[in-house]
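Given next are the chains, with one letter for each unit.
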Amino acid sequence: KAGVTQTPRYLIKTRGQQVTLSCSPISGHRSVSWYQQTPGQGLQFLFEYFSETQRNKGNFPGRFSGRQFSNSRSEMNVSTLELGDSALYLCASSLVPGGDYGYTFGSGTRLTVV
Amino acid sequence: GESVGLHLPTLSVQEGDNSIINCAYSNSASDYFIWYKQESGKGPQFIIDIRSNMDKRQGQRVTVLLNKTVKHLSLQIAATQPGDSAVYFCAENWDAGGTSYGKLTFGQGTILTVHP
């Protein structure tokens, strides 16, 4: 059974650019959440999607957005990149919202903004 | 605001010892707690979870204890092995009004180092 797949694994972007990250959940999982991990702030919740709807959102600026497709795959977008956006972006999937059956994380996308 | 914090950022133990990692949480409404292990270059890996209606839950070599009175969570690892070396995070999930929300609040993490 394939795990959570995140692409790309590594990304280098310039300030001011935008970036799109992709997440494919475990087959059958319908809930996808996104987290940002930095040495200074740790793991912080970005948003959660279920059935193509954003159910919850963390305290991030509007430059951070996401969406979920009918096949449960999800993308997140960061526009007008800033140096502080450099981080490991993690995607987690769950059978249902709220993680009643646990959350499974992918290996993340390492974004570096220069 | 909501936060989950760890008392000890680092923990060093000898192989075969038992390890205890602690976590304090601040949201008394949290009803679901999870421990994750993160190795270098990987995403967090689920270890064990516990719901607020329980005080203790055991897995293979791991035990989670929940003390709701003082809002404290701990992870006990028995017979710690070098392969257990990693960063350990506790996380809480808050169920608002009976509708589960998929928002985990993570602690800062504890680095566990196991010496052979």
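Residues numbered from 1 in each chain as written. Chains lettered and ligands numbered in written order. Predicted model: local features only at pLDDT ≥ 70, side-chain atom pairs only at ≥ 80, totals over all residues. Heavy atoms only, no water.

**Student:** Can you help me understand the environment of Gln36(A) in this one?
**Tutor:** All names here are of chain A. For Gln36, the location among the structural elements is in strand β4 (residues 31-38). Along the backbone, Gln36 and Thr109 are 73 residues apart, and their C-alpha atoms lie at a distance of 9.7 Å. Dropping the residues within four chain positions of it, Gln36 is found in contact with Gly42, Leu43, Gln44, Leu46, Phe60, Phe64, Gly84, Asp85, Ala87, Leu88 and Tyr89. (Helix = DSSP H or I, 4+ residues; strand = E, 2+ residues; numbered from the N terminus. Contact = heavy atoms within 4.5 Å.)

**Student:** So what exactly am I meant to see when it comes to the nonpolar core here?
**Tutor:** Across soluble globular proteins, you tend to see nonpolar side chains buried next to one another. Core analysis: the largest hydrophobic core is formed by 21 residues, its most contacted members being Trp34(A), Leu46(A), Phe64(A), Met76(A) and Tyr89(A). Where this core is concerned, the elements lending two or more residues are β3 (19-24), β4, β5 (42-50), β8 (74-78), β9 (87-94) and β11 (109-113) of chain A. (Core = buried A, V, L, I, M, F, W, Y, C linked by side-chain atoms within 4.5 Å. Buried < 20%, exposed > 50% of the residue type's maximum accessible area, 1.4 Å probe, protein only.)

**Student:** Sorry, what's going on with the interface of chain A and chain B here?
**Tutor:** Listed by partner, the interface residues are 20 residues for chain A and 19 residues for chain B. Each partner contributes to the roughly 1,600 Å² buried at the junction of chain A and chain B, and carbon and sulfur atoms together form 50% of this total. The three residues of chain A that bury the most area against chain B are Leu43(A), Tyr103(A) and Phe105(A), which together make up 32% of that side's buried surface. Our enumeration of links across chain A and chain B arrives at 0 salt bridges. Linking chain A with chain B are 4 residue pairs in polar contact (both at pLDDT 80 or more). Every element with two or more residues in the side of chain A that touches chain B is listed here: β4, β5, β6 (53-57) and β9 of chain A. For the side of chain A that touches chain B, a count of residues per class yields 8 nonpolar, 8 polar and 4 charged. (Buried area = accessible area lost by both parts, 1.4 Å probe. Salt bridge = Lys/Arg side-chain N within 4 Å of Asp/Glu carboxyl O. Polar contact = N/O pair within 3.5 Å; in protein donor to acceptor, adjacent residues only side chain to side chain. Nonpolar A, V, L, I, M, F, W, Y, C, P; charged D, E, K, R; others polar.)

**Student:** Where do I start with the pairing of β11(A) in this structure?
**Tutor:** Looking down a regular strand, the side chains alternate between one sheet face and the other. All names here are of chain A. Burial along β11 is one-sided: Thr109, Leu111 and Val113 are buried, while Arg110 and Thr112, pointing the other way, are not. For strand β2 (residues 10-13) and β11, the ladder comprises 4 bridges, and the chain directions are parallel. Paired with Leu11 across the bridge in β11 is Leu111. Bridge count for β9 against β11 is 3 bridges, and the pairing is antiparallel. Each residue of the ladder has a partner; that of Tyr89, found in β11, is Thr109. (Pairing = 2+ DSSP bridges.)

**Student:** How should the side chain of Ser22(A) be read in this particular structure?
**Tutor:** Residues and elements named next belong to chain A. As for its placement among the helices and strands, Ser22 is situated in strand β3. A distance of 2.9 Å separates the side chain of Ser22 from the side chain of Arg73, its partner in a polar contact. Residue contacts for Ser22: discarding those within four places in its chain leaves Thr5, Gln6, Thr7, Trp34, Arg73, Ser74 and Glu75.

**Student:** Looking at this structure, how should I read the state of the cysteines?
**Tutor:** As used in these notes, a disulfide is a covalent bond between sulfur atoms, one from each of two cysteines. Residue and element names in this part refer to chain B. Counted according to the given criterion, the structure contains 2 disulfides over all chains. Here Cys23 engages in a disulfide with Cys90; their sulfurs sit 1.9 Å apart. On the sign convention where negative is left-handed, the bridge of Cys23 and Cys90, at about 60° about the S-S bond, is right-handed. Here Cys23, found in strand β3 (residues 19-25), pairs with Cys90, found in strand β9 (residues 86-96); they are 67 residues apart in sequence, far enough to count as distant. Each member of the pair, Cys23 as well as Cys90, carries the same accessibility label: buried. (Disulfide = S-S within 2.5 Å.)

**Student:** Just checking my understanding: could you explain the pattern of salt bridges for this structure?
**Tutor:** Two side chains bearing opposite charge may form a pair once their charged atoms approach each other closely. All names here are of chain A. On inspection of all chains with the given rule, the structure shows 9 salt bridges over all chains. With its nearest N and O atoms 2.8 Å apart, the salt bridge here joins Arg63 to Asp85. Separated by 22 residues along the polypeptide, Arg63 in the loop between β6 and β7 (64-68) and Asp85 in the loop between β8 and β9 bring together distant segments of the chain. Here Arg63 matches Asp85 in class, with each residue buried. Salt-bridge contacts for Arg73 lead to Glu75; the nearest nitrogen and oxygen are separated by 3.4 Å.

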